[in-house]
Amino acid sequence: MTGLIESVWDWRFSGHVRFVSLGGTWFVLVMPHGPSWLLIALAVTRLGATPLQLALNRRLGRRHPLASRDRYDWALFLLLMAAVLALPNASRATGLSEESFVLVVPLLPYSGLQLRQCRRSYRAHLDLAYPPTLA
């Protein structure tokens, strides 16, 4: 089974999965009172797919490494951590702990990180498909 998955798992497919996963996260945030069966299905799928994607990406990264993270990635990561740490205090101060729009604060830098990772994955796929030639 793993061989079958790895035969179709490349950086392009990984980027697609990451992008769809990010879209699902935003869907849950925007539609918190949507159909409960759909929200539960999305949550369970993400819970199971995230470790699988991590494992497949690690194996793929050993064969075809991605470009290194740069200072913008680290800045977004630090912004994300600061937002996550500040969220409980902001929620207590405003009384909006149950409102989903409070979660937008950490979701923005998280989305930036995910989109940059998607771009890095697509770039790695293109580099493998069309290797640079020496002139």
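This report concerns the structure included in the present document. Computed from a predicted model, the values in this text were never measured in an experiment.

Definitions and cut-offs
- By convention here, each chain's residues receive numbers from 1 onward along its written sequence.
- Where local features are concerned, this predicted model is filtered to residues with pLDDT of at least 70; where side-chain atom pairs are given and counted, the filter is 80 or more; whole-chain, interface and lining totals use all residues.
- The basis for every side-chain value is the complete set of heavy atoms in the structure, and neither hydrogens nor water enter the calculation.
- Going along the chain from the N terminus, every DSSP run of H or I of four or more residues is numbered as a helix, and every run of E of two or more is numbered as a strand.
- Residues are treated as being in contact if the distance between any of their heavy atoms lies within 4.5 Å.
- Residues belong to a common nonpolar core when they are buried Ala, Val, Leu, Ile, Met, Phe, Trp, Tyr or Cys residues joined through side-chain atoms within 4.5 Å.
- Each residue's exposure class comes from its accessible area (1.4 Å probe, protein chains only) as a fraction of the maximum for that residue type: buried when under 20%, exposed when over 50%, partly exposed otherwise.
- Buried and open spaces are told apart on a 1 Å grid over the protein atoms alone, a cavity being a set of points where a 1.4 Å probe fits but cannot get out and a pocket being an open set with protein on both sides within 12 Å along at least five of seven lines. Residues with an atom within 4 Å of a point are the lining residues.
- Grid points are joined across faces, edges and corners, and a volume is the space filled by probe spheres set on the points.
- Only Asp, Glu, Lys and Arg are considered charged in this grouping, and only Ala, Val, Leu, Ile, Met, Phe, Trp, Tyr, Cys and Pro are considered nonpolar; every other residue, Gly among them, is considered polar.
- Salt bridge, as used here: a side-chain nitrogen of Lys or Arg that lies within 4 Å of a carboxyl oxygen of Asp or Glu.
- Each helix should span, by expectation, one fewer than its residue count multiplied by 1.5 Å.
- Throughout, bend refers to the angle between the axes fitted to the seven residues that end at a position and the seven residues that start at it.

Further remarks concern the environment of Ala83. Note on placement: Ala83 falls in helix H4 (residues 71-94). Considered as a pair, Ala83 and Leu108 are 25 residues apart in the sequence and their alpha carbons are 9.5 Å apart. Ignoring anything within four residues of it in the chain, the contact list for Ala83 reads Val105 and Pro106.

Here we take up the nonpolar core. Here is a general trend for soluble globular proteins: nonpolar side chains tend to be buried in one another's company. Judged by nonpolar contacts, Trp9, Trp11, Leu56, Leu60 and Ala124 together constitute the single largest core of 5 residues. Beyond its immediate stretch of four places on either side in the chain, Leu60 contacts Trp9, Asp10 and Trp11.

When its volume is computed, the largest pocket comes out at roughly 940 Å³. Forming the boundary of the largest pocket are 30 residues, of which Arg18, Gln53, Asn57, Gln114 and Gln117 lie nearest the centre. Mapped by element, the contributors of at least two residues to the lining of the largest pocket are helix H2 (11-30), helix H3 (36-63), H4 and helix H5 (104-129). The leading source of residues in the lining of the largest pocket is H3, at 9 residues. Looking at side-chain class alone, the lining of the largest pocket contains 14 nonpolar, 9 polar and 7 charged residues. Of all the secondary-structure elements, those providing two or more residues to the lining of the second largest pocket are H2, H3, H4 and H5. A class-by-class count of the residues in the lining of the second largest pocket yields 12 nonpolar, 3 polar and 1 charged.

Let us look at the pattern of salt bridges. Under the counting rule described, the total for this entry stands at 3 salt bridges. The closest approach of N and O atoms between Arg116 and Asp70, which form a salt bridge, is 2.7 Å. Here Arg116, found in helix H5, pairs with Asp70, found in the loop between H3 and H4; they are 46 residues apart in sequence, far enough to count as distant. Two residues, Asp73 and Arg120, come together in a salt bridge whose shortest N-O distance is 2.2 Å. With a gap of 47 residues between them, Asp73 in helix H4 and Arg120 in helix H5 connect regions that are remote in the sequence.

Between its terminal C-alpha atoms H3 stretches 40 Å, which fits the 40 Å expected from 28 residues at 1.5 Å a residue. Its maximal kink placed at Ala49, H3 deviates by approximately 30 degrees, while the proline Pro51 follows within four residues. For H3, the set of buried residues is Leu39, Gln53, Leu56, Asn57 and Leu60.

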